Amino acid sequence: MSGLLGVRLLLLWGCLWPSSLTQGALVISGDHEATQEMGGAARSLQKRSTSEATVEVYSVTVDCTVLSRFAHTVMTSKALNKANSSQEIFFEVELPKTAFITNFSMEIEGQVYVGQVKEKEKAKKQYEKAVSSGQTAGLVKASGRKMEKFSVSVNIAANNNVTFTLTYEELLQRKMSQYEILTRIKPKTVVQDFQIVTNIYEPQGITFVDAHATFLSNDLLPLVDKTVTDKKAHISFSPTVEQQRKCPGCDGTLIDGDFVIKYDVNRPKGIGDIKIVNGYFVHFFSPPDLTRLQKNVVFVIDRSGSMSGRKIAQTREAMLEILKDLHEDDHFALVQFDDSMHTWRDSLSKATKENIEAGMGYVRRIRESGMTDIDGAVLRAVNMLVTDRREKRLSERSSDMIILLTDGMPNSGETNLEQIQKNMLSAIGGKMSLFCLGFGDDVDYSFLDVMGKQNKGMARRIYEASDAAVQLQGFYDEVSSPLLMEVDLRYPDNAVDLLTTNHFSQLFNGSEIVVAGRLTDNNLDNFMVEVFGEGLERNYEAQGQASAQNWNVVYPDEEYIFGDFTERLWAYLTIQQLLDKSKTGTPEEKVNATARALDLSLQYSFVTPLTSMVVTKPETEDGTESPLIADKLTEEQRQQADRNVLRYPSSHYHMSPAPTYFVDGDPHFMIELPDRDDALCFNINDKPGTIFTLVRDPESGILVNGQTIGDKKMPPDGKMNTYFWRFGIIHHTLGVRLEVSTHEISVFQDGKWVKLLWSDTGSLKGPNVDLLVTKDRSLTVTLKDSVKFVILLHKVWEKHPYHQDYLGFYTLDSHLLSPAVHGLLGQFYHGIEYEVSDLRPGEVPEKPDATMFVKGQELNVTRGWQRDFRSNVKDGENVPCWFIHTNGTGLIDGDATDYIVSGLFKTA
């Protein structure tokens, strides 16, 4: 098969580029005929050429249509294989995490391959079959805070075209008085036909439209064409090839970043705005000129040991700004907690200038220590509000809220998460709102999410980054100005059914309430709408007659926008709300909500957390097929992905992929290099009981040693396998000493050894080190202001005749170590330069050989697979890599025996 070494192309928000133009590209040259019979691992190789590109991307378009806040986006990209042999082309796309994919297709040689939405479990079986055979299957992955990404490859014959088309839909949410349409653009090379076109149709009228991009220079800015009338906006961006170029005659492009459109609409008084199309209606309610309610807010701040360093500093910074923004008629209180609770004052204080200054002084003195008692802290806040209400210290028409900020799991007081949720539900009793902010990746977001939604609030992730304080302030700004409480939108029972949620605990300034449903009576004379809410001085009451608009009159020049948008908007909103109910309702409600959400997802071809889109690619020359699986990530899955992947700070919302270094298995060492889309691997074989230095950083004082263990007895094949079963971790500067074995976890703290068991889920937080144990699975070690390690436990059947339990060791943020770091893993933390060429058949047809030039040496290497167990401890994920033989000789500095030490905490 000549196309196994293909030119890799990536489509990021409608943009394709050849990978030969990416930084640090791997150059592979060799005889195409020699690779025709290779499969398996060879399928993962992508040809990277520094000569003329053999794939031409000649068209990239993003076409977005927004009708009454419901956005329908179609991204199309066309490419031509100009080579005289087949080429492998990769398709990769980023889309907003709030969107549902509705279609993905590939047109190849005149035949269109269209995706089918299936129940996730059924799709998973196809995917697992593809993975087990070593074929490529598309996976959705988290991509920063706002986006997610999926990819697929397809083999294109010589001189043939391929057209990729992706469609997705989403309901735009009004936040901070505007809607946002975000398009990520990363073509990496100039494109003949490149354009972004957005048409916005808002029958109630548009108040403003702003279009900008992170890459817009003074030269590119005039190319953004924006035409705005009363009810329609047209925005386009279509630079020529020459306008795209970084420099005259070069292929590098200026187009790289986020293209963002923001707009808002007129907001009528009274009942709001109602759209009726094809028997479905949507009701938007966000009346202008409402007076903000007084609010009573208790800030509950986690100050446990894991908040040390930058987290607590950013929290203080954000809280100081938040306190400044309180209105004088608001009331506030401050509770800081670890394994005990400390209140600034026993009751809430009015936000006078004097009280604000005193509160800011208290915030400046918050210091981290101890463990985490979430249950006790929130109950203290609830009790303060209840008491102040009973004592009539608070205005009757005011909004009560608790804002909880925590970065970890409860490990003091009540630690059962379900019981904590029950306690909050019982104590709050629907009388106040609970907003839960989860700081970083160690907190259980699902736990906070359910607890917030059960109590008239919500949860939000705060990403551990340089802008964390801005994130905290941004969330507060969204909920800081309640306008109405207990809002009811009512419709005639005999006129509508299939109604989405129509009661809301509050309406915040800058947001919008949306209700949708189906009409059962075509006589719109019966469609009377009523709205009720509790305002500052009196109740809000409005009623009116809903009527259908004549779209031909509103938009006479538009033959078709997308006529069933109200029905699809209703389905989108219903599915979102059912997914929430599947987490927070009674057991019966959860089952029913899940079943109904699945039915609607399949009926309307939405890719949701319950469904997957399957595209079966055309047969290759060896007669094999493999599917693309397009999934939808939950916030919990996104959080898990963030735990497993280091995220470099970025000025944009996306994060760059980072290298990963680990050792797992027999013992297999792996260096993953995402910027080259490649990996290196090697084994170290020595007698059981040998102790190796994996990481040693003399400047920071960090040392990690690992000891091997062998099989119980010699297996029949005569090969004794060895694994790591014990690790010693020292941070001399922080005074941390940790021993992790397959039996237990021991940490030296406060002058004594403290033990944790693998059989329990729990955490231990100290001033210099945090430990998080997931039962019989993993240990996360976070050293203060330093590196983070993850150790995985592999449990083997205790009656297995040969094998024993063993450990895997993964480094998540190696960039925090000094340039002096070394060791079997540490020496690669700051990069490795190499080149691979002369691909040729190996001893095993599935594993070709090649020549690697590294550190001034020429090595024979083999393309193979090793397993990364971070996402799946039991089965792992196959990762293709170049395997360096004979204990990594030529790749590692010196000889493997140079890394042997005499003790678990020794350096020699």
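What comes next is a walk through the structure. Note that the coordinates shown come from a computational prediction; the quantities given were computed from them, not determined experimentally.

Points about the pairing of strand β47 (residues 788-794)
Remember that side chains alternate between the two faces of the sheet whenever the strand is regular. Burial analysis of β47 places seven of its seven residues in the buried class, the great majority of the element. Burial of β47 is two-sided: the residues K788, V790, L792 and H794 facing one way and the residues F789, I791 and L793 facing the other way are all buried. Bridge analysis of strand β46 (residues 778-783) against β47 gives five bridges, and the strand direction is antiparallel. Bridge pairing in β47 links V781 to F789. Following β46, the chain reverses through four residues before pairing antiparallel with β47; D785 in that reversal takes a positive phi of roughly 50°.

Overview of the sheet that holds strand β31 (residues 528-534)
Across the sheet, four strands lie side by side as β29-β27-β31-β32; this open sheet has antiparallel pairing. Only two strands of the sheet have a single partner each, and these edge strands are β29 (503-508) and β32 (539-545). The average angle at which neighbouring strand axes cross in this sheet is 25°, direction not considered. In this sheet, β31 lies alongside strand β27 (residues 482-490) in antiparallel orientation, the contact comprising four bridges. Looking at β31, one finds that D488 is bridged to F532.

Things to note about helix α7 (residues 445-454)
Buried residues dominate α7, accounting for seven of its 10 residues. Every buried residue of α7 is listed here: Y445, F447, L448, D449, V450, M451 and G452. At the N-terminal boundary of α7, the capping side chain belongs to D444, with an oxygen 3.2 Å from the backbone nitrogen of S446. Following α7 by one or two positions, K456 adopts a phi angle in the positive range, close to 60°.

A few points about the packing of aromatic side chains
The final tally for this structure, using the stated rule, is 30 aromatic pairs. Here F682 and F828 contribute two aromatic rings whose centre-to-centre distance is 6.2 Å and whose plane-to-plane angle is 50°, an arrangement assigned as tilted. Taken together, the residues F682 in strand β37 (residues 678-683) and F828 in the loop between β48 (806-811) and β49 (834-844) connect sequence positions 146 residues apart. Overall, F682 belongs to the buried group, its relative accessible area being 0%. Residue classification places F828 among the buried positions, given a relative accessible area of 1%. Connected via pairs of aromatic rings, a cluster forms that spans F669, F682, F692, F724, F727, F789, F809 and F828. In this arrangement the basic side chain of R737 is found over the ring face of F905, its NZ or CZ atom lying 4.6 Å from the centre. Cation over ring: R863 sits above W882, and NZ or CZ is 4.7 Å from the ring centre.

Some details on the pattern of salt bridges
Considering all chains together, one arrives at 37 salt bridges under this definition. Close ionic contact of E94 with R184 constitutes a salt bridge, the shortest N to O distance being 2.9 Å. Of the two residues, E94 sits in strand β5 (residues 87-96) while R184 sits in strand β12 (residues 179-185), which places them 90 residues apart along the sequence. As a salt-bridge pair, E635 and K97 come within 3.1 Å of each other at their nearest N and O atoms. Remark: K97 occurs in the loop between β5 and β6 (100-108) and E635 occurs in helix α12 (residues 635-644); sequence separation between them is 538 residues. Residue E635 is classed as buried on the basis of its relative accessible area of 17%. Each of R292, K295, D329 and D330 takes part in salt bridges that share partners, so that together they form one network.

Re the nonpolar core
Membership of the largest hydrophobic core comes to 58 residues, with the highest contact counts inside it found for L694, L771 and F809. When near neighbours in sequence (up to four residues on either side) are disregarded, L771 contacts L738, I745, V747, L756, G762, S763, L764, L779, T780 and V781. Listed in part, the 56 residues of the second largest apolar core include V66, A79, I101 and I181.

With respect to the packing of α7 against helix α10 (residues 565-584)
For the pair α7 and α10, interaxial distance at closest approach is 9 Å and the crossing angle is 100°. Overall, the two elements α7 and α10 adopt an arrangement that is roughly perpendicular. Contacts from D449, V450, K453 and Q454 of α7 reach α10 at D580, K583 and T584. Considered class by class, the residues forming the contact of α7 with α10 number one nonpolar, two polar and four charged.

Overview of the sheet that holds β48
Strands sit in the order β44-β45-β46-β47-β48-β35-β36-β37-β52-β51-β50-β49 across an open sheet of 12 strands; the sheet is mixed. Edge positions in the sheet fall to β44 (762-765) and β49, since each of these pairs with one other strand and no more. Strand-to-strand twist across the sheet, computed as the mean angle between neighbouring axes with direction ignored, equals 25°. Here four bridges tie β44 to strand β45 (residues 769-774), and the two strands are oriented antiparallel to one another. Looking at β45, one finds that L764 is bridged to L771.

What about helix α3 (residues 310-324)?
Here α3 spans 22 Å end to end across 15 residues, near enough to the 21 Å set by a 1.5 Å rise per residue. Every buried residue belonging to α3 is among K311, I312, Q314, T315, R316, A318, M319, L320, I322 and L323, and all of these are buried. If you follow the buried residues of α3, they end up packed against β20 (294-302), β21 (331-337), α4 (353-364), β24 (398-406), β25 (433-439) and α8 (468-479).

Concerning the state of the cysteines
Summed over the entire model, instances satisfying the criterion amount to one disulfide. Note that C681 is cross-linked by a disulfide to C881, the S-S spacing being 2.1 Å. Judged by the sign of its S-S torsion, about 65°, the cystine formed by C681 and C881 is right-handed. Taken together, the positions of C681 in strand β37 and C881 in strand β52 (residues 877-884) put the pair 200 residues apart, joining distant regions of the chain. Considered together, C681 and C881 belong to a single accessibility category, that of buried residues.

Overview of the packing of α10 against helix α11 (residues 587-603)
Running from amino to carboxyl end, α10 crosses α11 at an angle of 155°, the nearest separation of the two axes being 8 Å. With respect to their mutual orientation, α10 and α11 come out roughly antiparallel. In the crossing of α10 with α11, the sense of the turn from one axis to the other is left-handed. Contact residues: W570, T574, I575, L578, L579, K581, S582, K583 and T584 in α10; K590, A593, T594, R596, A597, L600 and S601 in α11. Partitioning the contact of α10 with α11 into residue classes produces seven nonpolar, five polar and four charged.

The rules behind the values
Residue positions are given per chain, counted from 1 along the sequence in the order it is written. Given that this is a predicted model, residues contribute local features only at a pLDDT of at least 70 and side-chain atom pairs are listed and counted only at 80 or more, while totals for whole chains, interfaces and linings are drawn from all residues. Side-chain descriptors were evaluated using all non-hydrogen atoms of the structure, hydrogens and water having been removed beforehand. Here's how the labels work: a residue is buried when its accessible area is under 20% of the maximum for its type, exposed when over 50%, partly exposed in between, all with a 1.4 Å probe on protein chains only. The secondary structure listing takes helices from DSSP runs of H or I that are at least 4 residues long and strands from runs of E that are at least 2 residues long, numbered from the N terminus. Any two strands between which DSSP finds at least two bridges are classified as paired. Here, axes are lines fitted to C-alpha atoms. For helices the fit covers the stretch in contact, and angles between N-to-C directions go from 0 to 180 degrees. Here a polar contact means two N or O atoms within 3.5 Å. Within protein one must be a hydrogen donor candidate and the other an acceptor candidate, and residues neighboring in sequence count only if both atoms are side-chain atoms. Only the six-membered ring of Trp is used, alongside the rings of Phe and Tyr, when aromatic pairs are assigned; centres must lie within 6.5 Å, and planes under 30 degrees apart are stacked while those over 60 apart are edge-to-face, with the rest tilted. Note on criteria: charge over ring means Lys NZ or Arg CZ within 6 Å of the ring centre, with the direction from the centre no more than 35 degrees off the ring normal. Salt bridges are defined as contacts in which a side-chain nitrogen from Lys or Arg sits within 4 Å of a carboxyl oxygen from Asp or Glu. To qualify as a nonpolar core, a set must consist of buried Ala, Val, Leu, Ile, Met, Phe, Trp, Tyr and Cys residues joined through side-chain atoms within 4.5 Å. Whether two residues are in contact is decided by their heavy atoms, any of which lying within 4.5 Å being enough. For classification purposes, an angle smaller than 35 degrees is called roughly parallel, one larger than 145 roughly antiparallel, one from 65 to 115 roughly perpendicular, and anything else oblique. Classes in brief: Ala, Val, Leu, Ile, Met, Phe, Trp, Tyr, Cys and Pro nonpolar; Asp, Glu, Lys and Arg charged; the others, Gly included, polar. In this analysis, the expected span of each helix is defined as 1.5 Å times one less than the number of residues it contains. The disulfide definition used here is simple: a pair of cysteine sulfur atoms within 2.5 Å. By the definition used in this description, the sense in which the near helix is turned from the far one sets the handedness, with an anticlockwise turn below a right angle giving left-handed and a clockwise turn giving right-handed.

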